[in-house]
Each structure stands twice: as structure tokens, then as C-alpha cells.
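Residue-level listing of the chains:
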Amino acid sequence: MESLIRELVETYGPSGEEGAVRELIESKVKDSVDRTFTDNLGNLFALREGPAPLLMFSAHMDEIGVIVTHIDKSGFMRIAPVGGVRPHLLPGQRVIFKNGVVGTVNYEQIKELKELDWPKLFLDIGAVDADAAGERVRIGDIACLHQPFVNLGERYLSKALDDRAGCAVLVEAARRLPRSLPQGVCFVFSVQEEVGLRGATTAAYRLEPDYGFAIDVTMVGDTPEAPVMAVSLGKGPAIKVKDRSVLCHPAVRDTMVEIAEKEKIPYQLEVLELGGTDAGAIHLSRGGVPSGAVSIPCRYVHAPSEMVDAGDIGHAVTLIEKLALRDWPLPGEGGKKS
Ligand code: CO
Ligand code: ZN
């Protein structure tokens, strides 16, 4: 899986610009499913047909980035965040645009570090003046972080592990599924999660799943003086209980725990006080969709170098596989019959 993750994280794909990631994933997943299709926003669906109920597994393709808001006479650019980018993590970093243009972010003279906010930041692509800059980059162009994938042994370091690690888990789970399944399963690779779960919103509306599962990264509490959180790297995937976007359906959550225990998959329970995930959009679709989430513990989420544990990724694949193989009942009251 390492090479799959490496290819995915090193592909350009900020929110709204997921095309290259989508093409890559489609090429990797199409032989494992009955058919693939996309919708008008760019979500990719990879469907294994089967009887009801229908399970939707969603991982987002987009990554955080910066958008060019202004180019001055000397060719310096001003930027704004696309998704949850913290300005103090950018100075000294390189970013790359869709056309391959690379630049570095730095900041104006300041007296105190707390002044380090978006208006003080600028992007330099090495252009000699505004005209030269404008030939390569235009207002509204979006760049993502430019950091290579590194295998640290037990752990992987890269930009965009949020959520290409989740995409890789779904691709691998799709490959492992047997010929016959107890129900339909659709792997969705969603767009625009980082700007508000937008892709998952339309994807769930179109698909009408009976159950929804997000696969995404979550924060950890295992670094020096981190905010208290009962999730660590290397202790298995986390079964989400709650984040800001969803209270996971108790029956779904309990079934996930039961499967993990039965299959001896290490797991942790996750309460994330910040952030949301595709399950937040899926569970509010139409008449409501019982939803849960498998989270990959990740250090430094939304930093230029995020870190995940290779073992957690492997166990997440197994958990998704077992979730798909479970014979799920049709949801109770208000459940859709086909
Ligand atoms: Co994110
Ligand atoms: Zn994410």
C-alpha cells in the first residue's frame, strides 16, 4: 500500500481541483468494482452492485491549499486559505500550482509572532514583475503544499495524508472484497470536504445509501503537551463517536465495535472536539442515514507534514472489509426498501 499512498499524496488536488486525484483513483479502483461514475461536482463513485441495504463508504479526495487573491507590481502574490490552513505554518514552505509553478511563502516584517496572519503573508514564485507573474499564475489559482512522501519505517510523513490515506484504504478494501457480497457497497471519493463537506452532501443525495461511513483522519493526543484526546498513533483505527459534524448512530457504532472485537482488530474510540467529516453530511441526507466513521489517527493534521502509522492503515483496511462483509439489516423506521 505504500506506493499507492505515495502516488496519491503526491498528486495535486486542493478543494475544487480534484481532477488528477480522481483520474488516478479511478484507474486503481475500476477493476475491483462493477462500475464507476462521477457526478456534476466531481465526486467519484465505485459501485459493487448487490441487494439492499446499500452501504456508502466515503473518503475525500481534496486537500487544503491557498488561493491567489492579488498580484502586486513586483509580482508578489497575496493568498487566502482554502480549507483549514493555519497561517503560522506556512512561512518557509513551498507550494505548487496545477501547472507545476512552485513558489515559497514568507511574511512582512512584524514585531510579534502573533501578528503573523494572512494579511502579512505573501507568495513569491520568482517572477521579475507583475506581467511575468501573471503569465504563470492568475487570480483565483489554487496551490497546494509541496512536500514529498517519506517512509519513516513504522510511520509515513507527507502532506495530504488527510485524506488520501483514507482514499488508499478504500481502494485497497475494494480490491480485497470477494465476488459475492451480502449487500450493495459504494465507495465514494468525494470532493470539497475541506471547505464544508460539500461533495459528500450531493453524493449521499444521489446515492440514497441506507448506511454511511466516512473514512478520514483524526487528531491525536499523543504529542508533547497536546490537548487531551484519547486517540494515539499506532493503537489501531478509531471508531468515531462524535465530532462537530455528527453524533454517530449508536447502533452503527456498536456494530463497528462488535466487528472489531470479533475480528481482533485493534481500535480506539474517538471523540473529536474540533472538525468534521463526510459522515456529517451523509447522515443528514434525505430522511436521515445511520452513519459512522473509521478514523485514521494522524499527527499534525493540516500541517505541511502529517504523520500516520502504517499498522493503523492496514487495520483500517481490514475493518472496512469486514464492515462491507457484514450482513446489515435494513434500517428500522423510515428505512428504504428496494
Ligand atoms: Co482535513
Ligand atoms: Zn479530512
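What you are looking at is a predicted structure, and each value in this text was computed from that prediction instead of being measured.

(A) Inspection of the coordination of the zinc ion (ligand 2) at higher detail. Surrounding the zinc ion (ligand 2) are the protein donor atoms His60 (NE2), Asp162 (OD), Asp216 (OD) and Asp216 (OD), at 1.9 to 2.6 Å. Around the zinc ion (ligand 2) sit four donor atoms, and with donor-metal-donor angles ranging over 52 to 148 degrees the site reads as irregular. Donor residues binding the zinc ion (ligand 2) come from one chain and are separated in sequence as H-x101-D-x53-D. For the pair the zinc ion (ligand 2) and the cobalt ion (ligand 1), the metal-to-metal distance amounts to 3.2 Å, and aspartate 162 bridges them. Placement of histidine 60 in strand S3 (residues 54–60) and of aspartate 162 in helix H4 (residues 161–176) is noted, with a sequence separation of 102 residues between them. Pair check on accessibility: histidine 60 and aspartate 162 agree, each one buried.

(B) Examining the domain arrangement of the chain more closely. You can read the domains of the chain as domain 1 (2–63 + 159–325) and domain 2 (65–145). Summarising the inter-unit geometry, the C-alpha centres of domain 1 and domain 2 are found 31 Å apart. Each partner contributes to the interface: domain 1 provides 13 residues, whereas domain 2 provides 14 residues. Seen at the junction of domain 1 and domain 2, the total is one salt bridge. A salt bridge links lysine 98 to glutamate 17, with the shortest nitrogen-to-oxygen separation between them at 2.7 Å. Joining domain 1 to domain 2, the criterion identifies four residue pairs in polar contact (both at pLDDT 80 or more). Of the residues contributing to the side of domain 1 that touches domain 2, the split by class is six nonpolar, three polar and four charged.

(C) Fine view of the packing of helix H1 (residues 2–9) against H4. At a minimum axis distance of 9 Å, the contact between H1 and H4 shows a crossing angle of 135 degrees. With respect to H4, the axis of H1 lies oblique. Between H1 and H4 lies a crossing whose hand is right-handed. Contacts between H1 and H4 involve Leu4, Ile5, Leu8 and Val9 on the former and, on the latter, Leu161, Arg164, Cys167, Ala168, Val171 and Arg175. Its residues assigned to classes, the contact of H1 with H4 shows eight nonpolar, no polar and two charged.

(D) Representation of the coordination of the cobalt ion (ligand 1) within the structure. Distances from the cobalt ion (ligand 1) to its protein donors, Asp162 (OD), Glu194 (OE), Glu194 (OE) and His302 (NE2), fall at 1.8 to 2.5 Å. Given four donor atoms and angles of 56 to 148 degrees at the metal, the environment of the cobalt ion (ligand 1) is assigned as irregular. Motif for the cobalt ion (ligand 1), donor spacing along one chain: D-x31-E-x107-H. With a relative accessible area of 7%, aspartate 162 lands in the buried category. Assessed through its relative accessible area of 13%, glutamate 194 is described here as buried.

Calculation rules
- Note that residues are indexed from 1 along each chain, following the sequence as it is written.
- Chain letters and ligand numbers both follow the written order, the letters beginning at A and the numbers at 1.
- Reporting of local features is limited, given that this is a predicted model, to residues whose pLDDT is at least 70; pairs of side-chain atoms are given and counted only at 80 or more, and all residues count toward the totals for whole chains, interfaces and linings.
- Calculated side-chain values reflect all of the structure's heavy atoms, with hydrogen atoms and water omitted.
- Listed donors are limited to N, O and S atoms within 2.8 Å of the metal, widened to 3.2 Å for Na, K and Ca; water is not among them, so incomplete-looking sites are possible.
- Any coordination sphere not matching a tetrahedral pattern (four donors, all angles between 85 and 135 degrees) or a square planar or octahedral pattern (four or six donors, opposite donors over 155 degrees apart, other angles between 65 and 115) is reported as irregular.
- Helix and strand assignments come from DSSP, with helices taken as H or I runs of at least 4 residues and strands as E runs of at least 2, each series counted from the N terminus.
- Here the term buried applies to any residue with accessible area under 20% of the maximum for its type, exposed to any over 50%, and partly exposed to those in between, with areas from a 1.4 Å probe on protein chains only.
- The start and end points of each domain follow an automatic or database-based domain assignment.
- Note on contacts: a residue pair qualifies if any of its non-hydrogen atoms lie within 4.5 Å across the two residues.
- What counts as a salt bridge is simple: a side-chain nitrogen of Lys or Arg found within 4 Å of a carboxyl oxygen of Asp or Glu.
- Here a polar contact is recorded for every N or O atom pair within 3.5 Å, except that within protein the pair must consist of a potential hydrogen donor and a potential acceptor, and residues adjacent in sequence are included only if both atoms are side-chain atoms.
- Each residue gets one of three labels, nonpolar for Ala, Val, Leu, Ile, Met, Phe, Trp, Tyr, Cys and Pro, charged for Asp, Glu, Lys and Arg, and polar for the others, Gly among them.
- Whenever a helix is involved, its axis is fitted only over the stretch in contact; in every case the axis is a line through C-alpha atoms, and angles between N-to-C directions fall within 0 to 180 degrees.
- Oblique is the label for any angle not covered by the other classes, which are roughly parallel (under 35 degrees), roughly antiparallel (over 145) and roughly perpendicular (65 to 115).
- The hand of a helix crossing depends on one turn: near helix anticlockwise from the far one by less than a right angle means left-handed, and clockwise means right-handed.

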